[in-house]
Amino acid sequence: GMTWDEAIKNLAGNGFTAVMPNMCWGGTAYYASDVLPVAAEIKTKGDQLAACLEACRKYGIECHVWKVNWNMGGRAAAAFRDQMAKEGRIQVSADGKKNPDWLCPSNPANQQLEIDAMAEIAAKYDVDGVHFDYIRYPDSQACFCPGCKERFEKVLGKKVDGWPQAVMKDEKLRAAWMDFRRAQIT
């Protein structure tokens, strides 16, 4: 129920020197974004990042934007989530189940979206930093989408028969798969 000015003033009065407001998810921005869909409440509440930054500068507090990577966390609008699913950009588990909450980290369009979103924050706002969060897979059962298979086979230099069980059972193949997964978020 506080304004950013009230909240930051309170934090500054209690010795805080920096904040990490969560302003950006996979598919949702709480500021005037040209890259990501803007959260619906911004129409009524205004640009939350601009308001937070204004209060931070007024009270001498650093502002490091918290960016949730890959995870749409149920915050992204249904239209965006549906578009990502239609374009094959969401994660798929080993059993073939699609996960509508997570973007696939190996998808080049998703990688560019993450880069563009973080660069946009730094270019449009005088932030002190950008904090990357969720820069990981949700678990070991993802992502096994057709794009991951194709990109993994390209890195490996050969076809993988018995996908995805092969990368879970063959020790050597699993090690290469884990290296591939790590490379997508490094």
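Below, the structure is looked at part by part. Everything quoted here is computed from the prediction, not taken from an experiment. (Residues numbered from 1 in each chain as written. Predicted model: local features only at pLDDT ≥ 70, side-chain atom pairs only at ≥ 80, totals over all residues. Heavy atoms only, no water.)

**What about the overall build of the protein?**
The number of helices and strands found in the protein is eight helices and seven strands. Per-residue burial over the protein gives 41% buried out of 186 residues. Put simply, 66% of the contacts in the protein that link residues at least 6 apart link residues at least 24 apart. For the protein, the accessible area works out to roughly 10,000 Å², and carbon and sulfur atoms hold 53% of it. (Helix = DSSP H or I, 4+ residues; strand = E, 2+ residues; numbered from the N terminus. Buried < 20%, exposed > 50% of the residue type's maximum accessible area, 1.4 Å probe, protein only. Contact = heavy atoms within 4.5 Å. Areas by Shrake-Rupley, 256 points an atom, 1.4 Å probe, with all protein chains shown as cover.)

**Examining the pattern of salt bridges**
Counted under the stated rule, the structure contains ten salt bridges. Of the charged contacts in the structure, one is a salt bridge between Glu153 and Lys159, with a shortest N-O distance of 3.7 Å. By relative accessible area, which is 8% here, Glu153 ends up buried. For Lys159, a relative accessible area of 66% corresponds to the exposed category. One network of salt bridges, in which partners are shared, links Asp34, Glu120 and Lys124. (Salt bridge = Lys/Arg side-chain N within 4 Å of Asp/Glu carboxyl O.)

**A look at the side chain of Arg81**
Within the fold, Arg81 resides in helix α4 (residues 78-86). The class for Arg81 is buried, based on a relative accessible area of 17%. For Arg81, the contacting residues outside a window of four places in its chain are Met72, Gly74, Ala76, Pro100 and Asp101.

**Some remarks on the packing of aromatic side chains**
The description of an aromatic ring pair rests on the distance of the ring centres and on the angle between the ring planes. For the coordinates displayed, the defined rule picks out ten aromatic pairs. For the pair Phe144 and Trp177, a centre-to-centre distance of 5.1 Å together with 25 degrees between the ring planes defines the contact as stacked. Taken together, the residues Phe144 in the loop between β7 (129-133) and α6 (146-156) and Trp177 in helix α8 (residues 171-185) connect sequence positions 33 residues apart. Under the relative-accessibility criterion, Phe144 is labelled buried at 5%. Relative accessible area serves as the criterion here: at 0%, Trp177 is assigned to the buried category. Against the face of Tyr137 rests Arg181, its NZ or CZ located 3.9 Å from the ring centre. (Phe/Tyr/Trp six-rings, centres within 6.5 Å; stacked < 30°, edge-to-face > 60°. Lys NZ or Arg CZ within 6 Å of the ring centre and 35° of its normal.)

**Observations regarding α6**
Of all the positions in α6, only Gly147, Cys148, Phe152 and Glu153 are classed as buried. In the core, the buried residues of α6 are packed alongside α7 (165-169) and α8. Phi turns positive, to about 85 degrees, at Gly157, one or two residues after α6.

**Brief notes about the environment of Ala50**
Tracing the sequence through the fold places Ala50 in helix α3 (residues 48-59). Classification of Ala50 as partly exposed rests on a relative accessible area of 32%. Residues Ala50 and Pro105, 55 residues apart in the sequence, show an inter-C-alpha distance of 29 Å.

**Concerning the pairing of strand β6 (residues 98-103)**
By the bridge criterion, three bridges tie strand β5 (residues 90-92) to β6 in an arrangement that is antiparallel. From the neighbouring strand, Val92 faces β6, where its bridge partner is Lys98. Linkage of β5 to β6, two consecutive antiparallel strands, is achieved through a turn of five residues, within which Gly96 is found at a positive phi near 90 degrees. (Pairing = 2+ DSSP bridges.)

**A few points about the packing of α6 against α8**
Running from amino to carboxyl end, α6 crosses α8 at an angle of 110 degrees, the nearest separation of the two axes being 11 Å. In terms of orientation, α6 and α8 fall into the roughly perpendicular class. Residues Cys148, Arg151, Phe152, Val155 and Leu156 of α6 lie in contact with α8, whose contacting residues are Leu173, Ala176, Trp177 and Phe180. Here the contact of α6 with α8 is composed, by residue class, of eight nonpolar, no polar and one charged. (Axes fitted to C-alpha atoms, helices over the stretch in contact; angles between N-to-C directions. Parallel < 35°, antiparallel > 145°, perpendicular 65-115°, else oblique. Nonpolar A, V, L, I, M, F, W, Y, C, P; charged D, E, K, R; others polar.)

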